[in-house]
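Each chain, written out:
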Amino acid sequence: MIRWRMNLSYFHFRKPRHQQHYLTLKPFTFQNPHLYFTKFINTSIEFSQNPQPTTTLSKLTTQKINFYSTPTIISCSKLLSKCTASKSLAPGMEIHAHVIKFGFSQDPKIRNYLVNLYSKCQLFGYARKLLDISTEPDLVSWSALISGYSHNGFFQETILAYYEMHLLGIKCNEFAFPSVLKACTVTKDLVVGKQVHGIVVVTGFDSDEFVANSLVILYAKCGGFGDARRLFDAIPDRSVVSWNALFSCYVHSDMHGEAVSLFHGMVLSGTRPNEFSLSSMINVCTGLEDSVQGRKTHGYLIKLGYDSDPFSANALVDMYAKVGILEDASSVFDEIAKPDVVSWNAIIAGCVLHEYHHRALDLFRGMNKSGMCPNMFTLSSALKACAGMALRELGRQLHSGLIKMDMGSDSFLGVGLIDMYSKCNSMDDARLVFKLMPERDMIAWNAVISGHSQNEEDEEAASLFLLMHTEGIGFNQTTLSTVLKSIAALQASYICKQIHALSLKSGFELDNYVVNSLIDTYGKCGHVEDATRVFKESPVVDLVLFTSLVTAYAQNGQGEEALRLYLEMQDRGIKPDSFVCSSLLNACASLSVYEQGKQVHVHILKFGFMSDSFAGDSLVNMYAKCGSIDDANCAFSIIPVRGIVSWSAMIGGLAQHGYGKEALQLFKQMLKDGVPPNHITLVSVLCACNHAGLVAEAKHYFNSMKNLFGIEPMQEHYACMIDLLGRAGKLEAAMELVNKMPFQANALVWGALLGAARIHKNIDLGELAAEMLLALEPEKSGTQVLLANIYASVGMWDKVARVRRLMKDGKVKKEPGMSWLEVKDKVYTFIVGDRSHSRSKEIYAKLDELSDLLKKAGYVPTVEIDLHDVERSEKEQLLYHHSEKLAVAFGLITTPPGAPIRVKKNLRICFDCHTVFKFISKIVSREIIVRDNNRFHHFRYGLCSCGDYW
């Protein structure tokens, strides 16, 4: 005898279900004690607990039973059978009363019908009472009870009932085993399931298809797909039900590849798929986003005549919509005779997913006109469409409708409302919805934090996260990544460190989503070392992490490290994407390394990223900042869809290179193409006017920013205008504009005034601007250096000495002039008077050679700009050793004849160097391109592109 050994330890705290469901069976009483079966038994719908009577019940409703003698067991059995089939409890209990009265209670067949009836109607107490008073245990009655427990969701009770039946020595059959195995499947109790499996094998029911299917589902749902497949393969005659059993398990576990293989195997075996097989296969194609296989499955549906099946049709609409073939989705939808709410939801959600928001709202209106009532999923999609189109008023109408439908407090829709209001820039409404939610879960908190972050209300986002953590609400990687984005915008590195610690404590240090956000935040806060450490400590380093760190290096002026990291990425065999290439181009732009930028361009061509807007915009920016405006223009011309970033980059590049009129012409073309400018574009336009001395044009655009483009002038725009007016000698107008500013002038504005004072040797303005700058930026040496230059230009050497003394006493060190030159993929650095270069002798020999040629050409050193208190000859020597002159000399001895020399400098080029390079460009017939901290200078044939207006 097989011993039943079931682990019941987890049931120790509960009473057996038969005790919980045990109800005392009270005797029935009747108004007429002489009531016989001659009375018509009316089992109409009003006595039934089933709201939708079956055909059997309908027949029973019109049937009249008339007994002229004592009723028989057969007649009672027939009536109980019909009551059980239709779950007609009241008539069944009436018949039960007659069964008791006429002494049929001990009849096994009658008892089985009654147990089955009460089990199906969830009166388990009555069913157990009938079993307990039975003199002989009956397999059919126990099977009925077990089946009733299972079908009504009492799965632990199912297992306990089977355990009792087994202890009574009653062997299970092919009808009870599937119910018990289903209970083990739902409760994920594979241990008990394996014990039942053993009994199935011993009793010989493993060859039964229904039992075998239940075993396949048990193992698959508990993660044992290998065992499930072996059991499936052992089924001798597999029907479509067997195939569907394993197939559905694969689908539910997102094992789409295995599901496709199994479907093909079913077709090859000659088994005809049914509508369930095909609708499941369509769901697989949806998960794989495989429209080709989806169309083939659609063909099967039509061929086999299941295309009118509503479940299959809905699955088709959903599949076509989610893979983005909305025309086919609409075609299938239009062919559905009576689309239900699932049909409407599928087509509307698909439109929203692919950002066809207007179409989604049109469908939503059509659904309302058809009389179909939307559910929470429909309304969620409609809210997303409103969010996508920023239709706040329509969103408010939907919100009002939700309140009328008593769905306003639903948490799922509440999150949708928060998201809609957030994307419509209405955070007050979003916070109100959040506040009124009866239960605010983690998803709701994430939604409102994300809303503040999206609307650049970063302090509120950070404060909400603190409140969320204080209240004990859990958080996930989405929460951390969202709040880290706000921390990056605030550049609050100390909070970033705290969140980093929290992520370590909570176990998110291995989550790439969080790690990527930490690297990005540390980078934007200027803590590149911390970003690098997080990168190195990550166990899995992928393309996203490489991109984040490359971007961090590029943003913090560590372009060489960014390029080195890219080489490491290539060594690991990680294929780049357009984003990392864009970051690399920005690194090349910051270093002004033209040759390496061209190599990145080659990679972009190689990997097919030329059509990507990020890569295209970065190419324009890189070439412009590396001194090749012609290459920038070529890159700009092949961008397929030019957005505001593309136009701004090209206009800014032309402005930096001194092509003011060309920049304004391009700006007009942008407006003609229907692209509205942003504040960055207008800064570039004003800079173009500034570098070209176009005062009237600048005034026009500055004064019309608000009226024409709806953009209020910011500090940058005022700084450009003040710098322009100052350079043009309109110092009074510049000061008047400073006084009219709606906010306090920042360092940009006072720096522009100080520069104007230097050009026009205005002592009073220079002293005022310097005083304000020293209050705003006391640590910067450039202010005092410029002020000393102003004093020196008018011969006030005592004040020059006083400024230099103040710098010495305040331990303010003048920023040394530095220049960079790229030769054969290597960047060389030069400092004024530097002799540490390995080829210093050649460099200084070249300078001596150039000195003789310059004197013959008529060059006279501008010694007035040198503030050192030394003889003229020594001043001339110091001027010859400026860093940019060293770089140009090195370029002349290391680059091929005729090749352009590209130099980058950290400070503004001095007047003497500017004059020298004009002469050198003519003497050696070379183009010299200098990028200082303000603009580009192209020296050709003795002239500069700036027209000496700089």
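Residues numbered from 1 in each chain as written. Predicted model: local features only at pLDDT ≥ 70, side-chain atom pairs only at ≥ 80, totals over all residues. Heavy atoms only, no water.

> How should the overall build of the protein be read in this particular structure?
Across its full length, the protein holds 51 helices and 6 strands. The C-alpha radius of gyration of the protein comes to 42 Å, more than 25% above the 30 Å expected for a compact globule of 950 residues. Dimensions along the principal axes, computed over C-alpha positions, put the protein at roughly 140 × 55 × 55 Å. Every one of the 950 residues in the protein was classed for burial, and the buried ones make up 51%. Within the structure as shown, the protein displays about 45900 Å² of accessible surface, and the carbon and sulfur contribution to it stands at 54%. Side-chain charges of the protein comprise 96 positive and 96 negative groups, with the mean position of each set lying 2 Å from the other. (Helix = DSSP H or I, 4+ residues; strand = E, 2+ residues; numbered from the N terminus. Rg over C-alpha atoms; globule rule 2.2 N^0.38 Å. Buried < 20%, exposed > 50% of the residue type's maximum accessible area, 1.4 Å probe, protein only. Areas by Shrake-Rupley, 256 points an atom, 1.4 Å probe, with all protein chains shown as cover. Lys, Arg positive; Asp, Glu negative; His and termini not counted. Charge placed at Lys NZ, Arg CZ, Asp CG, Glu CD.)

> How should I be thinking about the UniProt feature "repeat: PPR" (unreviewed entry) in the protein in this particular structure?
Those places that UniProt annotates as "repeat: PPR" (unreviewed entry) correspond, in this numbering, to residues 138–172, 239–273, 340–374, 441–475, 542–576 and 643–677. Helix makes up 74% of residues 340–374 and strand 0%. Its end C-alpha atoms lie 10 Å apart. This span, residues 441–475, is 74% helix and 0% strand, and a straight line between its end C-alpha atoms measures 10 Å. (UniProt positions renumbered as here; feature names shortened; annotations may be inferred.)

> In this structure, what is going on with the pattern of salt bridges? I would like to understand it.
Any two side chains of opposite charge can pair, given that their charged atoms come close. Considering all chains together, one arrives at 30 salt bridges under this definition. Here Lys497 ties to Asp530 by a salt bridge, and the two come within 2.9 Å at their closest N and O atoms. Placement of Lys497 in helix α28 (residues 493–506) and of Asp530 in helix α30 (residues 528–537) is noted, with a sequence separation of 33 residues between them. By relative accessible area, which is 36% here, Lys497 ends up partly exposed. With its nearest N and O atoms 2.7 Å apart, the salt bridge here joins Arg533 to Asp530. (Salt bridge = Lys/Arg side-chain N within 4 Å of Asp/Glu carboxyl O.)

> Sorry, what's going on with the packing of helix α14 (residues 256–268) against helix α15 (residues 275–288) here?
A pair of packed helices can be characterised by two numbers: the angle between their axes and the separation between those axes. Between α14 and α15, the least distance of the axes is 10 Å, while the angle of their chain directions is 145°. For the pair α14 and α15, the crossing hand works out as left-handed. Along the contact surface, α14 presents His256, Ala259, Val260, Phe263 and Met266, while α15 presents Ser277, Leu278, Met281, Val284, Gly287 and Leu288. Looking at side-chain class alone, the contact of α14 with α15 contains 8 nonpolar, 3 polar and no charged residues. (Axes fitted to C-alpha atoms, helices over the stretch in contact; angles between N-to-C directions. Left-handed = near helix turned anticlockwise from the far one by under 90°. Contact = heavy atoms within 4.5 Å. Nonpolar A, V, L, I, M, F, W, Y, C, P; charged D, E, K, R; others polar.)

> In this structure, what is going on with the nonpolar core? I would like to understand it.
Soluble globular proteins tend to bury their nonpolar side chains together. Counting residues in hydrophobic clusters, the biggest one holds 255 residues, and the most contacted among them are Tyr118, Tyr162, Ile604, Ile722 and Leu753. Those residues in contact with Ile604 that sit more than four places away from it in its chain are Cys581, Leu585, Phe609, Met610, Ala615 and Leu619. Grouped together as the second largest cluster of nonpolar side chains are 30 residues, Leu854, Tyr880, Ile901 and Trp950 included. (Core = buried A, V, L, I, M, F, W, Y, C linked by side-chain atoms within 4.5 Å.)

> How should I be thinking about the packing of aromatic side chains in this particular structure?
The geometry of an aromatic ring pair is captured by two quantities: the separation of the ring centres and the angle between the planes. Within the structure shown, the criterion is met by 30 aromatic pairs. The rings of Phe124, Tyr149 and Phe154 are connected pair by pair, giving a single aromatic cluster. Against the face of Phe232 rests Arg238, its NZ or CZ located 4.7 Å from the ring centre. Its end group placed over the ring of Tyr594, Arg902 keeps NZ or CZ at 3.8 Å from the ring centre. (Phe/Tyr/Trp six-rings, centres within 6.5 Å; stacked < 30°, edge-to-face > 60°. Lys NZ or Arg CZ within 6 Å of the ring centre and 35° of its normal.)

> Explain unusual backbone geometry here, please?
Trans peptide bonds make up the majority, and among non-glycine residues the majority have a negative phi. One non-glycine residue, Asn425, adopts positive backbone phi at about 60°. Tracing the backbone through its elements, the reader meets Asn425 in the loop between α23 (411–423) and α24 (427–436).

> So what exactly am I meant to see when it comes to helix α7 (residues 139–151) here?
An α-helical turn contains 3.6 residues, so any two residues separated by three or four positions project in the same direction. The end-to-end C-alpha distance of α7, which contains 13 residues, comes to 18 Å, matching closely the 18 Å that a straight helix rising 1.5 Å per residue would cover. α7 sits mainly inside the fold: 10 of its 13 residues count as buried. Where α7 begins, the side chain of Asp138 points an oxygen toward the backbone nitrogen of Val140, at a separation of 2.9 Å. Taken from the residues just after α7, Gly153 is the one with a positive phi, measuring 85°. (Expected span 1.5 Å × (residues − 1). Polar contact = N/O pair within 3.5 Å; in protein donor to acceptor, adjacent residues only side chain to side chain.)

> Quick question: what am I supposed to make of helix α11 (residues 209–221) here?
For α11, spanning 13 residues, the distance from its first C-alpha to its last is 18 Å, which sits close to the expected 18 Å at 1.5 Å a residue. Among all positions of α11, only Glu209, Val211, Ala212, Asn213, Ser214, Leu215, Val216, Leu218, Tyr219 and Ala220 are buried. Residues of α11 that are buried sit in contact with α9 (176–186), α10 (190–203), α12 (225–234) and α13 (240–252). The N-cap of α11, judged by a side-chain oxygen 3.1 Å from the amide nitrogen of Phe210 a few residues on, is Asp208. Residue Gly223 follows α11 closely and has a positive phi angle near 90°.

> Which parts of the structure should I look at to understand the environment of Gln454?
On the secondary structure map, Gln454 appears in helix α25 (residues 442–454). Assessed through its relative accessible area of 38%, Gln454 is described here as partly exposed. C-alpha separation for the pair Gln454 and Lys78, spaced 376 residues apart in sequence, amounts to 69 Å. In contact with Gln454, not counting residues within four places along its chain, are Ser422 and Lys423.

> How should the confidence of the model for the protein be read in this particular structure?
In low-pLDDT segments, the atomic positions of the prediction should not be examined closely. Overall, the prediction assigns the protein a mean pLDDT of 86, with 91% of residues at 70 or greater. Taken together, the stretch residues 1–69 has pLDDT below 50 and engages in 108 contacts with residues farther than four places along the chain or on a different chain. (pLDDT = per-residue confidence, 0-100.)

> How should I be thinking about the pairing of strand β2 (residues 826–831) in this particular structure?
Along a regular strand, successive side chains alternate from one face of the sheet to the other. Pairing analysis gives 6 bridges linking strand β1 (residues 818–823) to β2, with the strands arranged antiparallel. From the neighbouring strand, Ser819 faces β2, where its bridge partner is Phe830. Counted between consecutive antiparallel strands, the loop separating β1 from β2 contains 2 residues, among which Lys824 sits at a positive phi close to 50°. (Pairing = 2+ DSSP bridges.)

> Teacher, can you tell me more about the environment of Gly755 here?
With respect to the helices, strands and loops of the structure, Gly755 is situated in helix α44 (residues 747–760). Note on Gly755: relative accessible area 14%, which makes it buried.

> Explain the packing of helix α36 (residues 629–637) against helix α37 (residues 644–656) to me, please; I cannot follow it from the model alone.
Contact geometry of α36 with α37 gives a least axis separation of 10 Å together with a crossing angle of 160°. On the basis of their axis angle, the class for α36 and α37 is roughly antiparallel. For the pair α36 and α37, the crossing hand works out as left-handed. Facing α36, whose interface residues are Ile629, Ala632, Asn633 and Phe636, α37 presents Ser646, Trp647, Met650, Gly653 and Leu654. Taken together, the residues of the contact of α36 with α37 sort by class into 6 nonpolar, 3 polar and no charged. (Parallel < 35°, antiparallel > 145°, perpendicular 65-115°, else oblique.)

> Would you mind going over the state of the cysteines with me for this structure?
Note on terminology: a disulfide is the covalent bond linking the sulfur atoms of two cysteines. Taken as a whole, this structure holds 0 disulfides when the rule is applied. No disulfide involves Cys634; its sulfur sits 15 Å from that of Cys626, the nearest cysteine. Note on Cys634: relative accessible area 48%, which makes it partly exposed. (Disulfide = S-S within 2.5 Å.)

> I'm lost on the sheet that holds strand β3 (residues 901–905) in this one. Help?
Strand pairing in a sheet relies on backbone hydrogen bonds, with the paired strands running either antiparallel or parallel. Pairing is mixed in the open sheet, where 6 strands are placed in the order β2-β1-β3-β4-β5-β6. Edge positions in the open sheet fall to β2 and β6 (943–944), since each of these has one partner strand only. With 3 bridges connecting them, β1 and β3 associate as antiparallel partners. Looking across to β3, one finds that Leu821 is bridged to Val903. Of the strands in this sheet, β4 (928–931), β5 (936–940) and β6 are in contact with helix α51 (residues 911–923), which crosses β5 at around 35°.

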